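One letter stands for each residue in the lines below.
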Amino acid sequence: MTAQQPSAVARHYRQGGLLRKIDEALDRLYPGHTTLTTDDLHGVDEFHIGGHAATRELAEHLELRARLRVLDVGSGLGGPARHLAQHTDADVTGVDLTEEYVDVARRLTDRVGLSDRARFQQGDVTALPFPRASFDRAWMLHVGMNIEDKGRLFTEIGRVLTDNGLFIVYDVMLLGDPTLVRYPLPWASQPEHSFLARPQEYRSLLRKAGFDIVAEHDHRSRAIQSLRDAGDAHRRISTPHNPPGGDTPPAPINVAMGIDASTKIAKLLQNIEEGLLAPTELICRLR
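Cut-offs used in this document
- Residues numbered from 1 in each chain as written.
- Predicted model: local features only at pLDDT ≥ 70, side-chain atom pairs only at ≥ 80, totals over all residues.
- Heavy atoms only, no water.
- Helix = DSSP H or I, 4+ residues; strand = E, 2+ residues; numbered from the N terminus.
- Buried < 20%, exposed > 50% of the residue type's maximum accessible area, 1.4 Å probe, protein only.
- Contact = heavy atoms within 4.5 Å.
- Pairing = 2+ DSSP bridges.
- Phe/Tyr/Trp six-rings, centres within 6.5 Å; stacked < 30°, edge-to-face > 60°.

Remarks on the side chain of Asn-271
Item 1. Assignment of secondary structure puts Asn-271 in helix H11 (residues 261-273).
Item 2. Residue class for Asn-271 comes out buried when judged on its relative accessible area of 0%.
Item 3. Those residues in contact with Asn-271, other than ones at most four positions away along the chain, are Leu-180, Val-181, Arg-182, Leu-185, Leu-276 and Leu-277.

As structure tokens, this is what we get:
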């Protein structure tokens, strides 16, 4: 990770007033709501490809049980961490570079009554503030594209995992010519702030960090349909005088992705359809 990268990444994600924007979106979608559940938040707090459906599937691969300690690397607004805490009784710690995201994640977690099982702190994931063997499991969902030094990242994760601990990577990876990739994208508005890598690079760096690759899944086909659906949902919600209906998705993803969300979704979909990028899952176990 370069000296300039953390601030550039934080600037990309920082909005100001994010919690207020989320509340306003929830008020529009659920008029008169007095309570908040994790289900209400899925459209705003899980903006990796596949959303909550992908979270549920990935969580199954973690082989979780009650009281296992889980590290959410690049935890964002906390949706995946809250899912783990609520449905597996695991003890989850999230780390994210963007201070505003951490603050919002804490507040939303408190609102849904999960603060005793999911906690969040600001930090650099290539220099984790935890002692060796602090966690039994770890995952990162669409994080590596913002990190240049992935070798250091994986070494740090290996350091804080217990022996034989599971680690799941779910990142958008490079398949084609990087000069043909179109921007802006959800994780970077410019190519200078994007650190895409090929699956073989991930495998090599993970093995050097002490991990064995247990399984690999290319989720390109599912991603295309998911992104098409996301684009349709964004356009439907953005249409004036379109009141929330029974099948309207939760709070719109553009709350977290910014006003150019539709452009980012369209560019990502185009890159995947053209075979330049693919969301890829690697299931790893620490030796």
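Quick notes on the pairing of strand S4 (residues 135-141)
Within a regular strand, side chains alternate between the sheet's two faces.
Item 1. S4 sits mainly inside the fold: seven of its seven residues count as buried.
Item 2. Sheet topology note: the strand S1 (residues 69-73)/S4 ladder contains three bridges and is parallel. Directly across from Asp-72, in S4, lies its bridge partner Trp-139.

Side note on the packing of aromatic side chains
Item 1. Inspection of the entire model under this criterion finds six aromatic pairs.
Item 2. On the numbers, 5.0 Å between centres and 85° between planes, the contact of Phe-130 with Phe-135 is edge-to-face. Take Phe-130 and Phe-135: they sit in the same class, and that class is buried.
Item 3. Through a chain of ring-to-ring contacts, the aromatic side chains of Phe-154, Phe-167, Tyr-202 and Phe-211 assemble into a single cluster.

Here's the deal with the environment of Asp-232
Item 1. Inspection of the secondary structure assignment puts Asp-232 in helix H9 (residues 220-238).
Item 2. Residue Asp-232 is classed as partly exposed on the basis of its relative accessible area, which comes to 37%.

Here we look at unusual backbone geometry
Item 1. Here Tyr-183 and Pro-184 are connected by a cis peptide whose omega angle stands at 10°.
Item 2. Within the secondary structure layout, Pro-184 lies in the loop between strand S5 (161-174) and helix H8 (199-208).
Item 3. Although it is not a glycine, Glu-63 sits at a positive phi angle of roughly 55°.
Item 4. Relative to the helices and strands, Glu-63 is located in the loop between helix H4 (51-61) and S1.
Item 5. A relative accessible area of 46% places Glu-63 in the partly exposed class.
Item 6. Although it is not a glycine, Arg-67 sits at a positive phi angle of roughly 75°.
Item 7. Following the sequence through the fold, Arg-67 ends up in the loop between H4 and S1.
Item 8. The exposed category is assigned to Arg-67, whose relative accessible area is 72%.

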